[in-house]
Each structure stands twice: as structure tokens, then as C-alpha cells.
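Analysis of the macromolecular model
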Amino acid sequence: MKISGQTTHDAEEDVRNQNIKIYVNGEIVPREEAKVSVYDSGFMLGDGMWEGMRLYNGKWAFFDEHMDRLFDSCKAISLNIGLDRDGILDALTKTAAANGMTHDVHCRLMITRGVKSKPFQHPNLSKSGPTVVIIMEHSKPAKHLQATGISLATVPQVRGLPMSQDAKYNSHSKLNCVIACLQAEQAGADEGLMLDPHGFVNTTNACNFFIVRKGEVWTSTGDYCMNGVTRQKVIDLCRVNDIPVFEKNYSLVEAYGADEAFLTGTFGAQTPVSLIDGKRIGSHDGIGPITARLQTLYGELVAQNTRS
Ligand SMILES: Cc1ncc(COP(=O)(O)O)c(C=O)c1O
């Protein structure tokens, strides 16, 4: 059942991605020429924020929601993006045009505090203004993930309290998540299932996490995880479509006993989970019925949101 070494970000191979053009501070250059300084705050300290977004039909899905999150986090860390929302949209539009991309595209928009004058931590040493990079790739999530599902291992690394490094920051520094991912891989799983500081099931290292029990959809309270755009859309879709949905504390016992489990994220939308700590989830092969229904509803919502 398990394909070893798979991740939730597996995409169909697309050779066109070898020759993409990348936006670096207003210039759009071939992939091999896209470079930032070794003094960049993002490289040195992980001092920056990013967003992953998807382009369909020439429109960025849920652009406003992604910008709300980006601008909130940049404000919280006093990072002046140097562009307003229209400026970001313009940079995205130019990069897409330079690449001839309109559909099934994933982008990583990255903004760091910029180039430092010395290799030390103080934010005031970043004097250049922000570094803005946009990487866009042709991207369709790999189909095999829908059939096999992802395997998770519960990991010792937890999601911390918001007064340490708030999980709501989509920061360049993802070390907490990277450590969780390594722990999962070393336990033979694809992705790490992370608990909150009280031991309740919270999230995975790269996606938000949901279970389905007796027709109800459960996810964590949201207190310790990324405020995922896809997570919120799934919750909203449940509410609009009379699928009972609860943001609540629950434990591993309830996760192991779930009828279905799935992950959410901009890249993969809804990815089924087949195993948690070696225990098979549900009795179906492949994707479960409620996950499949939510996938369809989410697909319709994206189509509606990106209609021209
Ligand atoms: C740790 C983590 N959880 C969840 C998500 C999913 O968020 P979204 O649905 O906004 O893509 C991300 C994506 O950036 C993430 O980094």
C-alpha cells in the first residue's frame, strides 16, 4: 500500500519546470541565474515570510485570503514588504506571463528582510530593503497519492505555544516542521503528525489535519497550527453543505479509530491518509466517501473563485 519516500508535495513530472523563469526583486531571470545574497536575512536566519498559491484559469485562487495572512505576519514581524497587494499581484502576473503559465501552476512567493550589512542577527543590519522572490512551477499533485494515501507517524516534536514561535507565521524558518518531518521519515512514514503542548492531535509538519468519525468532520481547535487557507475553506464547505464539522481537542485514540483522515494544503487540496503509526485508517481502499465529497466541493469552489 505504501510507496516509500512519497510526500504530500509529490507532483506529476513536468520537464517544462527545468526552464522556468524566476522573479527576483523586479527582474525575471532564467532559473539558473536566479540568486540571492549569502547575506540575505532569509538565508542567514530564516527571517522572512512566504505564501504558496495556485493559479487556475489565469487567476490566483483565494488571493485575498493569502494576502491577509501574508500582510498580517509581515506586520507582526515589522517586515515592510515594499509592495501593496496590487504590487504583488502585478509581480505575479508578470512572472506568469514570462513563463506562459495560466493553469495548474503553483507558486512560492517569498519575502525576506533583505540583505544584511554584517552576518549577525539584528534586524537593523538588513539595510537593502526586502528581497522578493517568486518561483512558479507547472504543478499537478501526483495521482498516486489519492490511491495510496499518505502514511503518518506521530512525532516527538510538538507545535509550540504562540508566545514561542507562533505556528501562524508562514516563516522561512520551518525548522520545527523540518525536525518533525525527519522524525517521521526515520520512523518509516511520509509525514509527521504533530501534537499540541497538551498532547491533543494538532497538525502535520506541512499540512493541516482532519479526521472523519461517524459522518462528522473533526479538526484541531486551530490554536497551535497554521491558519491554513484550505483548512478554513474545508470548514466553511462543511458548514454550507450540512456536514457536521467541529474544531475541537481530540486524542490519538480518536484519530486511530477514525473512519477517514485527510490533510489539507494549497498544493494538494485534500490528501487522504491511509496509516497513522502503522494503524490503518478506516475500512475503505483509497479515498473515503466524505473526503471525496469534500474534494469535489473544494474543486467547485476553486473553479468558482478563479472563473474569469
Ligand atoms: C505547516 C503548514 N501547515 C499547513 C499549511 C497549509 O496551508 P494552506 O492551506 O494555506 O496552504 C502550510 C502551508 O503553507 C504549512 O506550512
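Check the entry above for the structure.
This structure is a prediction, so every number in the text was calculated from the model and none was measured.

Calculation rules
Residues numbered from 1 in each chain as written. Predicted model: local features only at pLDDT ≥ 70, side-chain atom pairs only at ≥ 80, totals over all residues. Buried ≥ 20, exposed ≤ 12 C-beta atoms within 10 Å, placed from the backbone. Helix = DSSP H or I, 4+ residues; strand = E, 2+ residues; numbered from the N terminus. Pairing = 2+ DSSP bridges. Near = placed C-beta within 6 Å. Nonpolar A, V, L, I, M, F, W, Y, C, P; charged D, E, K, R; others polar. Expected span 1.5 Å × (residues − 1). Arc of directions from axis to C-beta. Contact = placed C-beta atoms within 7 Å. Axes fitted to C-alpha atoms, helices over the stretch in contact; angles between N-to-C directions. Parallel < 35°, antiparallel > 145°, perpendicular 65-115°, else oblique.

Thoughts on the pairing of strand β13 (residues 260-265)
Where burial is concerned, most of β13 is hidden: 6 out of the 6 residues are buried. In terms of strand pairing, strand β10 (residues 208-213) meets β13 through 5 bridges, oriented antiparallel. Its bridge partner being in β13, I211 is matched across the sheet by A261. In terms of strand pairing, β13 meets strand β14 (residues 269-276) through 4 bridges, oriented antiparallel. The partner of T264 across the bridge, within β14, is Q270. In this antiparallel pair of consecutive strands, β13 and β14, the connection spans 3 residues.

Description of the pairing of strand β11 (residues 216-219)
As paired strands, β10 and β11 are joined by 4 bridges and run antiparallel to one another. Looking across to β11, one finds that V212 is bridged to V217. Summarising the sheet, β11 and strand β12 (residues 245-247) pair through 3 bridges and their orientation is parallel. Opposite T219, over in β12, you have E247 as the bridge partner.

Quick notes on the site of the ligand
With respect to spatial proximity, 15 residues lie near the ligand, and among them M226, G228, V229, T230 and T266 are the closest. Counting residues per element, the shell around the ligand draws most heavily on helix α6 (residues 229-240), at 3 residues. Residues belonging to the shell around the ligand are distributed by class as follows: 5 nonpolar, 9 polar and 1 charged.

Comments concerning helix α5 (residues 175-186)
Between the first and last C-alpha of α5 there are 16 Å, a value that for 12 residues agrees with the 16 Å anticipated at 1.5 Å per step. Those residues of α5 that sit buried are C177, A180, C181 and A184. Summarising the axial view, the buried residues of α5 lie within an arc of 100°, below the 170-degree limit, and thus occupy one face. Of the residues in α5, the exposed ones pointing more than 90 degrees away from the buried face are L175 and Q186. Buried residues along α5 sit against β7 (150-154) and β8 (191-195).

Digging into the environment of K248
Inspection of the secondary structure puts K248 in the loop between β12 and α7 (252-256). On the basis of neighbour counts, which here come to 13 C-beta atoms within 10 Å, the residue K248 falls in the partly exposed class. Taking the C-alpha atoms as reference, K248 lies 22 Å from Q165; in sequence the two are 83 residues apart. When near neighbours in sequence (up to four residues on either side) are disregarded, K248 contacts W218 and T221.

Observations concerning the packing of α6 against helix α8 (residues 289-305)
Their axes nearest at 10 Å, the elements α6 and α8 cross at an angle of 105°. In terms of orientation, α6 lies roughly perpendicular with respect to α8. Of α8, the residues touching α6 (which contributes K233, V234 and L237) are L294, L297, Y298 and L301. The class makeup of the residues in the contact of α6 with α8 is 6 nonpolar, no polar and 1 charged.

Just geometry here; none of it tells us what the structure is for.
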